[in-house]
Amino acid sequence: QVQLAESGGGLVQPGGSLRLSCVVSGIWYRILTMAWYRQAPGKQRELVAIITNNSNTNYADSVKGRFTISGDIALNTAYLQMNNLKPEDTAVYYCNSGDRLGAEYWGQGTQVVVSS
């Protein structure tokens with residue numbers, strides 16, 4: 001019954017911006033973390049950014065200074081503002097959440113393509 005829904009992906013030119021959104025429904029236990037992962041074809045899924053329930057954040061080195069994760073964990077929402085996008089950012093981006101019992105939930109992903 002737990003569902004995550006991502007939106008905001010699309011095609012953008014290098015140097016452009018996108019804002020991804022994630023909304024979570026059906027979670028009974030309190031959410032402790034929300035995160036964004038990405039996976040390019042033929043590559044491992046990697047953590048892009050994570051935010052905790054006390055608003056601590058962490059980012060992959062490749063996106064520091066360009067991406068910002070934010071959210072309202074109490075309302076089970078998260079966002080990823082992506083600025084100065086580069087072709088190497090092209091991937092499917094997945095929203096992830098973890099609750100107080102250690103369960104994890106995943107969205108189905110939203111495609112981001114950075115190309116001129």
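This text goes with the structure placed above it.
Residues numbered from 1 in each chain as written. Predicted model: local features only at pLDDT ≥ 70, side-chain atom pairs only at ≥ 80, totals over all residues. Heavy atoms only, no water.

**Concerning the packing of aromatic side chains**
Then step 1. Using the criterion set out here, one finds one aromatic pair in the structure.
Then step 2. Taking the ring centre of Tyr79 as reference, the NZ or CZ of Arg19 above it sits at 4.1 Å.
Then step 3. Between the NZ or CZ atom of Arg45 and the centre of the ring of Trp106, over which it lies, the distance is 4.8 Å. (Phe/Tyr/Trp six-rings, centres within 6.5 Å; stacked < 30°, edge-to-face > 60°. Lys NZ or Arg CZ within 6 Å of the ring centre and 35° of its normal.)

**Observations concerning the pairing of strand E3 (residues 18-25)**
Then step 1. Summarising the sheet, strand E1 (residues 3-7) and E3 pair through five bridges and their orientation is antiparallel. Bridge pairing in E3 links Gln3 to Ser25.
Then step 2. Across six bridges, E3 lies against strand E8 (residues 77-82) in antiparallel orientation. The residue bridging Leu20 from the neighbouring strand is Leu80, located in E8. (Pairing = 2+ DSSP bridges. Helix = DSSP H or I, 4+ residues; strand = E, 2+ residues; numbered from the N terminus.)

**Focus on the state of the cysteines**
Then step 1. Tallied over the entire structure, the rule returns one disulfide.
Then step 2. Residue pairing for Cys22: its cysteine sulfur links by disulfide to Cys95, the two sulfurs lying 2.1 Å apart. The chirality of the disulfide connecting Cys22 with Cys95 is left-handed, given an S-S dihedral of about -85°. Placement of the pair is Cys22 in strand E3 and Cys95 in strand E9 (residues 91-99), with a sequence separation of 73 residues. (Disulfide = S-S within 2.5 Å.)

**Section: the pairing of strand E11 (residues 110-114)**
For a regular strand, the rule is simple: side chains alternate between the two faces of the sheet.
Then step 1. Burial along E11 is one-sided: the residues Thr110, Val112 and Val114 are buried and none of Gln111 and Val113 is.
Then step 2. Here strand E2 (residues 10-12) runs beside E11; their pairing, made up of three bridges, is parallel. When the bridges of E11 are listed, Gly10 appears paired with Val112.
Then step 3. With three bridges connecting them, E9 and E11 associate as antiparallel partners. Across the sheet, the residue bridging to Tyr93 is Thr110, located in E11. (Buried < 20%, exposed > 50% of the residue type's maximum accessible area, 1.4 Å probe, protein only.)

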